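Here's the letter readout for the chains.
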Amino acid sequence: QKEVEQNSGPLSVPEGAIASLNCTYSDRGSQSFFWYRQYSGKSPELIMFIYSNGDKEDGRFTAQLNKASQYVSLLIRDSQPSDSATYLCAVFDNYGQNFVFGPGTRLSVLP
Amino acid sequence: DTAVSQTPKYLVTQMGNDKSIKCEQNLGHDTMYWYKQDSKKFLKIMFSYNNKELIINETVPNRFSPKSPDKAHLNLHINSLELGDSAVYFCASSSRGSGNTIYFGEGSWLTVV
């Protein structure tokens, strides 16, 4: 069973700080990685995807991938209270043609 | 225009009833999914269809039966509902052309009483 793990949190950061969210995955053959944000009572929405080792930046968000360590992270710079949500890491399982989600990390940005 | 739409959004029903949730996507994707999110917020795959064919059928009770009349629709029928079926059910779709990104519907909140 392929697994994706995240710290459940809550992770609390002050407004304006950098929030760092981490994710590890079990399937060394995975090639596609995604970060989703889910507000309470809403559906998950895509923030970023990353396929290659290294960093990928999009506005205040940076995804980092290290396939050798089977580790993917999401950095949120200048955190805002509106960033408070649950962040879900997802890995595409090429064999099963399925997206495997982690349990999510609840982020709270304190004003 | 909603990309992935599912109905109903809220459903309260009694134990033992049979209910259906419908899902439609207008993104032209070839793969559709049903995920279940329980009270602990864990998103777990239930079924996946690719071009109307079942490709994933995780360990779910056979009271749950998906049906895909065409690749734009994937419905979920649940027989003999139990208290433990209370959860949020998300329909989703993806396509290799979209970089395998998965897009979710708004969710269907099912409460069994």
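Everything quoted here is computed from the prediction, not taken from an experiment. (Residues numbered from 1 in each chain as written. Chains lettered and ligands numbered in written order. Predicted model: local features only at pLDDT ≥ 70, side-chain atom pairs only at ≥ 80, totals over all residues. Heavy atoms only, no water.)

Asks: Before we move on, can you summarise the overall build of chain B with the specific residues and values?
Replies: Scanning chain B from N- to C-terminus turns up zero helices and eleven strands. Taking 113 residues into account, the globule formula puts the C-alpha radius of gyration at 13 Å, and chain B, at 13 Å, falls close to it. Once the C-alpha set of chain B is aligned to its principal axes, its extents read approximately 40 × 25 × 25 Å. Classification of the 113 residues of chain B by burial places 42% in the buried group. The long-range fraction of contacts in chain B, counting pairs at least 24 apart against all pairs at least 6 apart in sequence, stands at 53%. Accessible area of chain B: about 5700 Å², with a carbon and sulfur share of 48%. Side chains of chain B carry 12 positive and 11 negative charges; the gap between the two charge centres is 3 Å. (Helix = DSSP H or I, 4+ residues; strand = E, 2+ residues; numbered from the N terminus. Rg over C-alpha atoms; globule rule 2.2 N^0.38 Å. Buried < 20%, exposed > 50% of the residue type's maximum accessible area, 1.4 Å probe, protein only. Contact = heavy atoms within 4.5 Å. Areas by Shrake-Rupley, 256 points an atom, 1.4 Å probe, with all protein chains shown as cover. Lys, Arg positive; Asp, Glu negative; His and termini not counted. Charge placed at Lys NZ, Arg CZ, Asp CG, Glu CD.)

Asks: Which residues make up the pattern of salt bridges, and what values do they have?
Replies: Using the criterion set out here, one finds five salt bridges over all chains in the structure. Between Asp83(A) and Arg60(A) there is a salt bridge, and its shortest N-O distance comes to 2.9 Å. Residue Asp83(A) is located in the loop between β8 (71–76) and β9 (85–93), and its partner Arg60(A) is located in the loop between β6 (54–58) and β7 (61–66); the two are separated by 23 residues in the primary sequence. Note that Glu82(B) and Arg63(B) form a salt bridge whose closest N and O atoms lie 3.5 Å from each other. With a gap of 19 residues between them, Glu82(B) in the loop between β8 (73–78) and β9 (87–94) and Arg63(B) in the loop between β6 (53–57) and β7 (64–70) connect regions that are remote in the sequence. Relative accessible area serves as the criterion here: at 41%, Glu82(B) is assigned to the partly exposed category. Exposure remark for Arg63(B): the relative accessible area of 13% places this residue in the buried category. In this structure, a network of salt bridges that share partners links the residues Arg63(B), Glu82(B) and Asp85(B). (Salt bridge = Lys/Arg side-chain N within 4 Å of Asp/Glu carboxyl O.)

Asks: Can you tell me about the nonpolar core, naming the residues and giving the values?
Replies: The biggest cluster of nonpolar side chains holds 24 residues, and the ones touching the most others in it are Trp35(A), Val72(A), Leu74(A), Ile76(A) and Tyr87(A). Sorting the residues of this core by element identifies β3 (19–25), β4 (32–38), β5 (45–50), β7, β8, β9 and β11 (105–110) of chain A as the ones contributing at least two each. Setting aside residues up to four positions removed in sequence, Tyr87(A) forms contacts with Gln6(A), Leu21(A), Trp35(A), Tyr36(A), Arg37(A), Ile47(A), Leu74(A), Ile76(A), Gly104(A), Thr105(A) and Leu107(A). Among the nonpolar cores identified, the runner-up in size contains 19 residues, and Cys23(B), Tyr49(B), Cys91(B) and Val112(B) belong to it. (Core = buried A, V, L, I, M, F, W, Y, C linked by side-chain atoms within 4.5 Å.)

Asks: Would you mind going over the sheet that holds strand β1 (residues 4–7) of chain B in detail, with residue names and values included?
Replies: Residue and element names in this part refer to chain B. Read across the sheet, four strands follow the order β1-β3-β8-β7 without closing on themselves; strand pairing throughout is antiparallel. What marks the edges here is a single partner per strand, and that holds for β1 and β7. Adjacent strand axes in the sheet meet at a mean angle of 15 degrees, parallel and antiparallel pairs treated alike. The pairing of β1 with strand β3 (residues 19–25) spans four bridges and is classified as antiparallel. Bridged to Gln-6 within β3 is Cys-23. (Pairing = 2+ DSSP bridges. Axes fitted to C-alpha atoms, helices over the stretch in contact; angles between N-to-C directions.)

Asks: Run through the side chain of Gln38(A), naming residues and quoting values.
Replies: Tracing the backbone shows Gln38(A) in strand β4. At 2.8 Å, the side chain of Gln38(A) and the backbone oxygen of Lys42(A) are in polar contact. Within the structure, the side chain of Gln38(A) is placed 2.9 Å from the side chain of Gln37(B), a separation counted as a polar contact. (Polar contact = N/O pair within 3.5 Å; in protein donor to acceptor, adjacent residues only side chain to side chain.)

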